[in-house]
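Residues per chain, in single letters:
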Amino acid sequence: MAKHILNTTKLNNSYLVVLSAFMLCFSCKNETKAKVEAETPQRPNIVFIMSDDHAYQAISAYGHGLNNTPNIDRIANEGALFNRGFVTNSICAPSRAVMLTGKHSFVNGKVDNISPFNWDQDNFAKTLQKSGYQTALIGKIHMDGLPQGFDYSNVLPGQGQYYSPEFIENGVKKTIPGYVTNVTTDIALNWLENKREKDKPFLMLYHQKAPHRTWMPEEKYLTLFDDKTFDPPANFFDDYEGRPAAAAHEMGIYKDMDLVYDLKMLDKDGDIKTKYRGMFQKKYDRMNAEQKAAWDTYYDPIIADFKAKKLEGKELALWKYNRYMHDYLRTIQSVDDGVGEVLDYLKENGLEENTIVVYTSDQGFYLGEHGWFDKRFMYEESFRTPILVKYPKEIKAGTVVNGLVQNLDFAPTFLDYAGVDIPKDIQGESFRKLVNGEASEWRDAIYYTYYEFPGEHHVKRHYGVRTHRYKLIHFYYDIEQWELYDLEKDPSEMNNLYNDPAYADVKADMHKQLENMRTKYGDSDELNASHLERYLTAKHIKH
């Protein structure tokens, strides 16, 4: 028995020695793993906020004094403001396709609002999703088909509606009561709080409809700016001398802005008859009784006053301009509120430090410059777009970026921050080092294309190149027109210098720059011809 006990004791002692050694080894491995995890940078979350048609002039951080956007400004104050952010194609859906793919319109295939978008092609959300990110797309995308690259999508069909909007949640359509900007924000916050997997990095595209036409304000902001009369830009009454493509427009505030559809003059008597009155009536009818009551209380006196005054000429033009500005800026106030709610959520939930937040628009917008609303042209106000970025881990508060950046650059930038290889066929460039102040070189020219003609607003087909100082534009198809601008001397682009002998050398250099851009990105006259043929066929236009 004693021998048996002795042998058992030896066995137990041996077992304890082995177990202790195993536990020590396991502990060392755990410590090593913990050390590696601590030393491995945590991949950043990304909140990409995009509004629709938000002019940089209407963000107070840019200093134009039209309105106050304290929450959007927070992004610049705590991060970076981009003074030279641009798009590649200033129209809704094509701009979004460029943003997703990092490729020019003539490469990703979405050259206009008519052509379909192929969701089967790569986009940066797909790449992040494959690398372990949880991804969500919320709000406006303006492209048909079930979005690919997103674990969760809840999007507006088409342009969406301001009141009682429809949303398509993972392919299922439903109508949600309320105001679209607030609904979009609520969906975003709900995803962050209840649908997000807390142990994964995330990408959330939070995209607002506003301030897209028809600029229908939220009830609480109906009277905002009533105490303010806006002075129009200096070139509001532009005569377009030397610029025949600009003169052919149909986007003038005075001549083309619809009194009912755009400016809400939906009189109960039906005296104000306009082309799009019926379309606006349908938008009004989406409101509930409470919303209609607030709307009527505000607009009915304005309608009565307008009918009594019988305005004409310059007085009518300035009246329309102010009505437009009041409503446009009011819709932005709700967008700014939503940005504040999302920023507050990130801060309150310990996500602020490791989250990249971007605010941008799908393009710029005219706020009376050249007498216009809308976008499309390569002129600065629609070509340029706001870009504000914060990322406390890397971007110093108050940074100002003056490099030429385009929406083409978002995709590679996000992949760069996430530590994911950037596909070689992406045409944009990561601006990570540019915003950090580490880039020794950056591009000195950018390329632009526009295709949707004949079409709404009558903006001719064109393409062009912009450097830091000069811009060359070629309008084609039913017009053959070249324009050259010295942006340093003529920032409003009123004086076409193309035939000015004093600028002969500049013109020659800009033509070389243009051809270099077209070669670099793979654009050509042959591609333009093929896009035109498809477009005319789709629109049943004889050619």
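This write-up is about the structure you can find in this document.

Rules and cut-offs
- Residues numbered from 1 in each chain as written.
- Predicted model: local features only at pLDDT ≥ 70, side-chain atom pairs only at ≥ 80, totals over all residues.
- Heavy atoms only, no water.
- Helix = DSSP H or I, 4+ residues; strand = E, 2+ residues; numbered from the N terminus.
- Buried < 20%, exposed > 50% of the residue type's maximum accessible area, 1.4 Å probe, protein only.
- Areas by Shrake-Rupley, 256 points an atom, 1.4 Å probe, with all protein chains shown as cover.
- Lys, Arg positive; Asp, Glu negative; His and termini not counted.
- Charge placed at Lys NZ, Arg CZ, Asp CG, Glu CD.
- 1 Å grid on protein atoms, 1.4 Å probe; cavity = no way out; pocket = protein on both sides within 12 Å on 5 of 7 lines; lining within 4 Å.
- Points joined across faces, edges and corners; volume = space filled by probe spheres on them.
- Core = buried A, V, L, I, M, F, W, Y, C linked by side-chain atoms within 4.5 Å.
- Contact = heavy atoms within 4.5 Å.
- Pairing = 2+ DSSP bridges.
- Axes fitted to C-alpha atoms, helices over the stretch in contact; angles between N-to-C directions.
- Parallel < 35°, antiparallel > 145°, perpendicular 65-115°, else oblique.
- Nonpolar A, V, L, I, M, F, W, Y, C, P; charged D, E, K, R; others polar.

### Re the overall build of the protein chain
Then comes step 1: Summing up its helical and strand segments, the protein chain has 15 helices and 16 strands in all.
Then comes step 2: C-alpha extents for the protein chain along the principal axes are approximately 120 × 65 × 45 Å.
Then comes step 3: Buried residues in the protein chain amount to 57% of all 543 residues.
Then comes step 4: Per element, the accessible surface of the protein chain, about 23100 Å² overall, is 52% carbon and sulfur.
Then comes step 5: The averaged location of the 79 negative side-chain charges in the protein chain is 5 Å from the averaged location of its 66 positive side-chain charges.

### Here's the deal with the layout of surface pockets
Then comes step 1: Put simply, the largest pocket is a space of about 460 Å³.
Then comes step 2: Taken together, 22 residues form the lining of the largest pocket, with Gln159, His212, Arg213, Tyr261 and Glu456 sitting closest to its centre.

### Notes on the nonpolar core
Then comes step 1: Counting residues in each nonpolar core, the largest one holds 78 residues, and the members touching the most others are Met204, Tyr324 and Tyr328.
Then comes step 2: The element best represented in this core is helix α10 (residues 313-348), accounting for 15 residues.
Then comes step 3: If we skip the residues at most four places from it in the chain, Tyr324 touches Trp215, Ile253, Met257, Leu263, Phe365, Tyr366, Leu367 and Phe373.
Then comes step 4: Judged by nonpolar contacts, the second largest core, of 41 residues, contains Leu128, Ile141, Phe150 and Ile356.

### Quick look at the sheet that holds strand β2 (residues 80-82)
Then comes step 1: Taken in spatial order, the 10 strands of this open sheet run β7-β6-β5-β4-β8-β1-β9-β10-β2-β11, and their pairing is mixed. The strands lining the two open edges of the sheet, one partner per strand, are β7 (172-175) and β11 (399-401). Neighbour to neighbour, the strand axes of the sheet diverge by 15° on average, direction disregarded.
Then comes step 2: Both β2 and strand β10 (residues 387-390) contribute to a ladder of three bridges, which runs antiparallel. Of the residues in β10, the one forming a bridge with Phe82 is Ile387.
Then comes step 3: Each of β1 (45-51), β8 (202-207), β9 (355-361) and β10 is contacted by α10, which is oriented at about 175° to β9, the strand it contacts most.

### Some details on the sheet that holds strand β14 (residues 462-467)
Then comes step 1: An order of β13-β14-β15-β16 is seen for the four strands of this open sheet, with the pairing classed as antiparallel. Strand pairing shows two members of the sheet lacking a second neighbour, β13 (445-450) and β16 (481-486), which therefore form its edges. Here the average twist between neighbouring strands, direction ignored, is 10°.
Then comes step 2: Contacts between helix α14 (residues 504-521) and the sheet are confined to β13, β14, β15 (470-475) and β16, with β14 contributing the most and set at about 110° to the helix.

### Observations regarding the packing of helix α6 (residues 180-195) against α10
Then comes step 1: At their nearest, the axes of α6 and α10 sit 9 Å apart, and the two run at 10° to each other. With respect to their mutual orientation, α6 and α10 come out roughly parallel. Counting all contacts with α6, which are made through Thr181, Thr185, Leu189, Leu192 and Glu193, the residues of α10 involved are Ser334, Val335, Gly338, Glu341, Val342 and Tyr345.
Then comes step 2: For the contact of α6 with α10, the residue count by class is five nonpolar, four polar and two charged.

### Brief notes about unusual backbone geometry
Then comes step 1: Residues Ala210 and Pro211 are joined by a peptide bond in cis, for which omega reads 0°.
Then comes step 2: Within the secondary structure, Pro211 is located in the loop between β8 and α7 (244-247).
Then comes step 3: Between Phe453 and Pro454 the backbone carries a cis peptide bond, its omega angle lying at 0°.
Then comes step 4: Within the fold, Pro454 resides in the loop between β13 and β14.
Then comes step 5: Located in the positive-phi region is Ser164, a residue other than glycine, with phi close to 50°.
Then comes step 6: Checked against the element boundaries, Ser164 lands in the loop between β5 (152-156) and β6 (166-169).
Then comes step 7: Looking at Ser164, the relative accessible area reads 16%, which means it is buried.

### Overview of empty space enclosed by the protein
Then comes step 1: Evaluated as defined, the whole model comprises three cavities of 30 Å³ or more.
Then comes step 2: As for the largest cavity, its lining consists of Leu100, Thr101, Lys103, Asp122, Asn123, Phe124, Thr127, Leu415, Pro423, Asp425 and Ile426.
Then comes step 3: Class assignment of the residues belonging to the lining of the largest cavity gives a composition of five nonpolar, three polar and three charged.
Then comes step 4: As a volume, the second largest cavity reaches approximately 50 Å³.
Then comes step 5: Residue lining of the second largest cavity: Lys264, Leu266, Lys268, Tyr284, Trp295, Asp296, Tyr299, Asp300 and Ile303, and that is the complete set.
Then comes step 6: Ranked by residue count, the leading element in the lining of the second largest cavity is helix α9 (residues 289-309), at five residues.
Then comes step 7: Considering only residue class, the lining of the second largest cavity consists of five nonpolar, no polar and four charged.

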